[in-house]
Amino acid sequence: MKNAVSHFTVYFEGHVQGIGFRFTTFQLAKGFEVTGYVKNLFDGRVQLELEGDREECVGFIKALNEEMASFIRDKSQTEVTRDPEFKEFLIR
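Not measured: the values here are computed from a predicted model. (Residues numbered from 1 in each chain as written. Predicted model: local features only at pLDDT ≥ 70, side-chain atom pairs only at ≥ 80, totals over all residues. Heavy atoms only, no water.)

Q: What's the story with the sheet that holds strand β3 (residues 46–52) in this structure? I'm lost.
A: Strands in a sheet are paired, the pairing made by backbone hydrogen bonds, and the direction either parallel or antiparallel. Strand order in the open sheet formed by 5 strands is β4-β1-β3-β2-β5, with mixed pairing between adjacent strands. The open sheet has two free edges, formed respectively by β4 (72–82) and β5 (89–91), since each of these has just one partner strand. Between one strand and the next, the sheet's axes are offset by a mean angle of 15 degrees, whatever the strand orientation. The sheet contact formed by strand β1 (residues 5–14) and β3 spans 7 bridges and is antiparallel. Within β3, the residue paired with Phe8 across the bridge is Leu50. Packing against the sheet, helix α1 (residues 21–29) makes contact with β1, β2 (34–40), β3, β4 and β5, and its axis sits at approximately 165 degrees to β5. (Pairing = 2+ DSSP bridges. Helix = DSSP H or I, 4+ residues; strand = E, 2+ residues; numbered from the N terminus. Axes fitted to C-alpha atoms, helices over the stretch in contact; angles between N-to-C directions. Contact = heavy atoms within 4.5 Å.)

As structure tokens, then:
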């Protein structure tokens, strides 16, 4: 793992679908050096897969939490260090 990056998986719960959550996430990602994707899940949650420098990832998640605070009821987050998997940030 010579090029290891921080990888975060975050699940957002609340009123997070149908309100532009993924688009906002995508737009915010442009301001950070992060890669990964955001997607809606069938159970109503939104899944965020994010990787890059740890400080960039943490800053991005914090910015997203602040931007979408009124829609997020709960979130769960895990972090691992691994080889990079993504080349860009996408909406799936």
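Back to the write-up after that little detour.
Q: When you look at the packing of aromatic side chains in this model, what are you seeing that I'm missing?
A: Pairs of aromatic rings are described using the distance from one ring centre to the other and the angle between the two planes. This model, assessed by the stated rule, comprises 4 aromatic pairs. Taking the centre distance of 5.1 Å and the plane angle of 55 degrees together, the rings of Phe12 and Phe21 count as tilted. Per residue, the accessibility class of Phe12 equals that of Phe21, and both read buried. An angle of 75 degrees between the planes, with centres 5.5 Å apart, marks the rings of Phe32 and Phe60 as edge-to-face. With Phe32 in the loop between α1 and β2 and Phe60 in helix α2 (residues 54–67), the pair connects residues that are 28 residues apart, well separated along the chain. Its relative accessible area of 0% is what places Phe60 among the buried residues. Pairwise contacts between aromatic rings join Phe32, Phe60 and Phe89 into one cluster. Positioned above the aromatic ring of Tyr37, the side-chain terminus of Arg92 is 3.8 Å from the ring centre. (Phe/Tyr/Trp six-rings, centres within 6.5 Å; stacked < 30°, edge-to-face > 60°. Buried < 20%, exposed > 50% of the residue type's maximum accessible area, 1.4 Å probe, protein only. Lys NZ or Arg CZ within 6 Å of the ring centre and 35° of its normal.)

Q: What is the right way to look at the packing of α1 against α2 in this model?
A: For any two helices packed against each other, one specifies the inter-axial angle together with the distance between the axes. It is at 10 Å that the axes of α1 and α2 come closest, and there the two elements cross at 140 degrees. Between α1 and α2, the angle falls in the class oblique. Judged by the twist between their axes, the crossing of α1 over α2 is right-handed. Contacts between α1 and α2 involve Phe21, Thr24, Thr25, Leu28 and Ala29 from the first element and Phe60, Ala63, Leu64 and Glu67 from the second. Here the residues of the contact of α1 with α2 are counted per class, giving 6 nonpolar, 2 polar and 1 charged. (Parallel < 35°, antiparallel > 145°, perpendicular 65-115°, else oblique. Left-handed = near helix turned anticlockwise from the far one by under 90°. Nonpolar A, V, L, I, M, F, W, Y, C, P; charged D, E, K, R; others polar.)

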